[in-house]
2 protein chains.
Amino acid sequence: MTAFNQRIGVAADAVIFTVDHGELKALLIQMKKTPFSGRWAMPGGLIENKETTRQAAERILKIQTGVKDVYLEQLQTFDDLKRDPNGRVLSVAYMALVPSGNIKLKTNDRYSDVRWWSIKKLPTLAYDHSEILKIAINRLRSKLEYTNIVWSLLPPEFTLTQLQNIYEIILDRDLDKRNFRRKILELGLVATTGKKIKGEAYRPAELYRFKQRRLTYVEVI
Amino acid sequence: MTAFNQRIGVAADAVIFTVDHGELKALLIQMKKTPFSGRWAMPGGLIENKETTRQAAERILKIQTGVKDVYLEQLQTFDDLKRDPNGRVLSVAYMALVPSGNIKLKTNDRYSDVRWWSIKKLPTLAYDHSEILKIAINRLRSKLEYTNIVWSLLPPEFTLTQLQNIYEIILDRDLDKRNFRRKILELGLVATTGKKIKGEAYRPAELYRFKQRRLTYVEVI
DNA sequence: ACAAAAGTGTTGTTACTACACCCATGG
DNA sequence: CCATGGGTGTAGTAACAACACTTTTGT
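Note that the structure is a prediction, hence the values are computed from the model and not measured.

## Looking at the side chain of Thr77 of chain B
Argument step 1. Its location among the elements puts Thr77 of chain B in strand S5 (residues 71–78).
Argument step 2. For Thr77 of chain B, the side chain forms a polar contact with the side chain of Thr77 of chain A, separated by 2.4 Å.
Argument step 3. When sequence neighbours within four positions are dropped, the list of residues in contact with Thr77 of chain B reads Gln74, Thr77 and Val92 of chain A together with Leu90, Ser91 and Val92 of chain B.

## Overview of the side chain of Glu51 of chain A
Argument step 1. Residue placement: Glu51 of chain A occurs in the loop between strand S4 (44–46) and helix H1 (53–65).
Argument step 2. Judged by its relative accessible area of 7%, Glu51 of chain A falls in the buried class.
Argument step 3. Separated by 2.8 Å, the side chain of Glu51 of chain A and the backbone nitrogen of Glu48 of chain A make a polar contact.
Argument step 4. When neighbours within four sequence positions are excluded, Glu51 of chain A is seen to be in contact with Ala56 and Arg59 of chain A together with Leu81 and Arg88 of chain B.

## Here's the deal with the relation of the copies chain A and chain B
Argument step 1. For the pair chain A and chain B, the best superposition has an RMSD of 0.0 Å and corresponds to a rotation of 180° with a translation of 0.0 Å parallel to the axis. What the superposition gives is, in effect, a two-fold axis relating one chain to the other.

## Digging into the protein's contact with DNA strand D
Argument step 1. Around DNA strand D there are 20 residues in total, and Arg203 of chain A together with Lys177, Arg181, Tyr202 and Glu206 of chain B lie nearest to it.
Argument step 2. Here, DNA strand D places atoms within 4 Å of the protein, and 36% of those atoms are sugar or phosphate.
Argument step 3. For DNA strand D, a base nitrogen lies 3.3 Å from a polar atom in the side chain of Arg178 of chain A.
Argument step 4. For the surface near DNA strand D, the elements supplying multiple residues, two or more each, are helix H4 (177–187) of chain A together with helix H4 (177–187) of chain B.
Argument step 5. By residue number, the principal contributor to the surface near DNA strand D is H4 of chain B, which donates 4 residues.

## Focus on the interface of chain A and chain B
Argument step 1. Tallying the contact residues gives 26 residues for chain A and 26 residues for chain B.
Argument step 2. The contact between chain A and chain B buries some 2,300 Å² in all, and 59% of this surface belongs to carbon and sulfur atoms.
Argument step 3. The tally of links between chain A and chain B comes to 0 salt bridges.
Argument step 4. Contributions of two or more residues to the side of chain A that touches chain B are made by strand S1 (9–20), strand S5 (71–78) and strand S6 (89–97) of chain A.
Argument step 5. Grouping the constituent residues of the side of chain A that touches chain B by class yields 11 nonpolar, 9 polar and 6 charged.

## Let's talk about the UniProt feature "domain: Nudix hydrolase" (unreviewed entry) in chain A
Argument step 1. When the UniProt feature table is mapped onto this chain, "domain: Nudix hydrolase" (unreviewed entry) is found at residues 7–141 of chain A.
Argument step 2. Strand forms 38% of residues 7–141 of chain A and helix 19%; the C-alpha atoms that close the span are 36 Å apart.

## Quick look at the packing of helix H2 (residues 129–146) of chain B against helix H3 (residues 160–171) of chain B
Residue and element names in this part refer to chain B.
Argument step 1. Interaxial distance between H2 and H3 falls to 10 Å at its minimum, and their mutual angle equals 140°. Considering the angle they form, H2 stands oblique to H3. In this structure, the crossing between H2 and H3 has a hand that is left-handed. In this structure, H2 uses Leu140, Arg141, Leu144 and Glu145 to contact H3, whose residues at the interface are Tyr167, Ile170 and Leu171.
Argument step 2. Residue composition of the contact of H2 with H3, by class: 5 nonpolar, no polar and 2 charged.

So, how was this worked out
- Residues numbered from 1 in each chain as written.
- Chains lettered and ligands numbered in written order.
- Predicted model: local features only at pLDDT ≥ 70, side-chain atom pairs only at ≥ 80, totals over all residues.
- Heavy atoms only, no water.
- Helix = DSSP H or I, 4+ residues; strand = E, 2+ residues; numbered from the N terminus.
- Polar contact = N/O pair within 3.5 Å; in protein donor to acceptor, adjacent residues only side chain to side chain.
- Contact = heavy atoms within 4.5 Å.
- Buried < 20%, exposed > 50% of the residue type's maximum accessible area, 1.4 Å probe, protein only.
- Least-squares fit on C-alpha atoms with pLDDT ≥ 70 in both.
- Near = heavy atom within 4 Å.
- Buried area = accessible area lost by both parts, 1.4 Å probe.
- Salt bridge = Lys/Arg side-chain N within 4 Å of Asp/Glu carboxyl O.
- Nonpolar A, V, L, I, M, F, W, Y, C, P; charged D, E, K, R; others polar.
- UniProt positions renumbered as here; feature names shortened; annotations may be inferred.
- Axes fitted to C-alpha atoms, helices over the stretch in contact; angles between N-to-C directions.
- Parallel < 35°, antiparallel > 145°, perpendicular 65-115°, else oblique.
- Left-handed = near helix turned anticlockwise from the far one by under 90°.

The following block contains the structure:
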C-alpha cells in the first residue's frame, strides 16, 4: 500500500499551560539528543503503535504532570519538510490547561530537565516550537474570551478574585472588578458553594465552583 | 528510526466551498474503490513524496477546480485508528473557498463523478467525511463573522447586495440591508471602483472591491 | 484601630436593532 | 409608466465602560 512507502513519522506535541504566581507559564523540557542537545522544547514524540495523536498527547501530559481530565484540545498540525533535522516528522500539536496546585513535574531519561517557563521570558526553542507556542498563546487568549476553558486552570473551588486574576494574567490587561463580577455571575457558569476562605487577615472571600467542567461556548469576557 | 516503523499513511482532504445560485455548496467526488464504491466524499488522498499536506491540498484543489490563490486554511487533523478501513491513515483536512464563476469541475480516473452539493441536501459520505464537513461548516460560519474571508468567494468586483447575499446564505439568516451596508463600509475593507453594473432592468449597482485579498481579522458582522 | 482584600450601583457612552421610502434604469 | 432591485437615516434599546466607597476579617 502506498501509505507504507511514505516514511513519515507521526508525532504529538503538547503545549501545557498553567497560571502560577501571577504568570502564564508553559511546561518545557530540556532535550538530550542531538542536534538539539541542551535546548528547550515542548514535550512530545512519535506516537506509539495503535495510539491516536490525542491519546499520545494525553500520555505525554500524564507522564510530565501526572494530571488527566483537564482541558486538552487539538491545536494545529505542523509538517514542514525540514522541521525535524532527523527525518520527516509530522506533528499534531495539542494544548492542555492544568491547575497550578499540587503538580509535581517529572522528568525521564529522554530529557535532562523539565520546568515551567513564564511566557514572558522564554528561551529559544528547538524545532518549530516557538511558532507552535505562539499559536497556542493566541488560541488560549481568544478562547478565553468566548468559552469557559478557564475552569481547567482552577481548583474545584475558587474565589472570584482568583478567577479574575487568571483572566488578567492571560489577557495581560486589567479588568474592572465590578464589571467582571457582574458579567461572570450573569453568565450563570459559576455557582456559590456557600463556603468561605478562612484564615486570612482580611475579609474572607466566597468560594465558587463551575457548574460544568467541560467546554461551553459563551462570551465570557 | 522509529518513525519508519509506524506505517501510518498521511493524507490531505479538501473541503471546497462555493456559494452559487443562493446556496452554500461543497465539492464532492464519487469514489470508485472499495469499500466505498459509489459513495461520495471530499477529494483527498495520500500526500506525495516531499510534499506537505498544504501543498497536497493545493494540488487537489487545482486538479478538481483549476483554481489557485484562493483562501485555504488548515481545518483539523483526523486520525482515528479505524477511520479508513484499508489501513491506518491520518488525514489533515483543509478548507478552501472558491468563487462560483468560471469553475469547470474536472474528474479523474480515481473518481466516477464530481459535483457541487448543497450543504442542505448532502448524501451520506464515506470515511469520517460527514464529521469533517460539519466542522468545516461551523468554522466557515464563525470565521465569516470575524474575518474578511468572504473575499475568496467573490469575483474581484462585486456589489454590496452580492456580498450581503453570501453572508445570508452561509449564515442562513436574513440581514438588514441598511445595517449591513453601514457596517461593511465603516470597516473600510472594501472600496468603490467607481464602476457600475450595466444592462439590468433596474437601477445599476455600484461595484466594490476588497482592498486586501488576504485574511484580515475584524468583526465583520 | 489598622491593614488588607472583599464586595457592591450608577451614570454616561457606544453599538446594535428595527424599520419604510425614494431612486435609477431597461423594457 | 411600470417593474425591479439599489440606495439611504433615525430613533429606541441594550450592552459596555468608567468610576469609589463600605464591609469583614485577623492581628
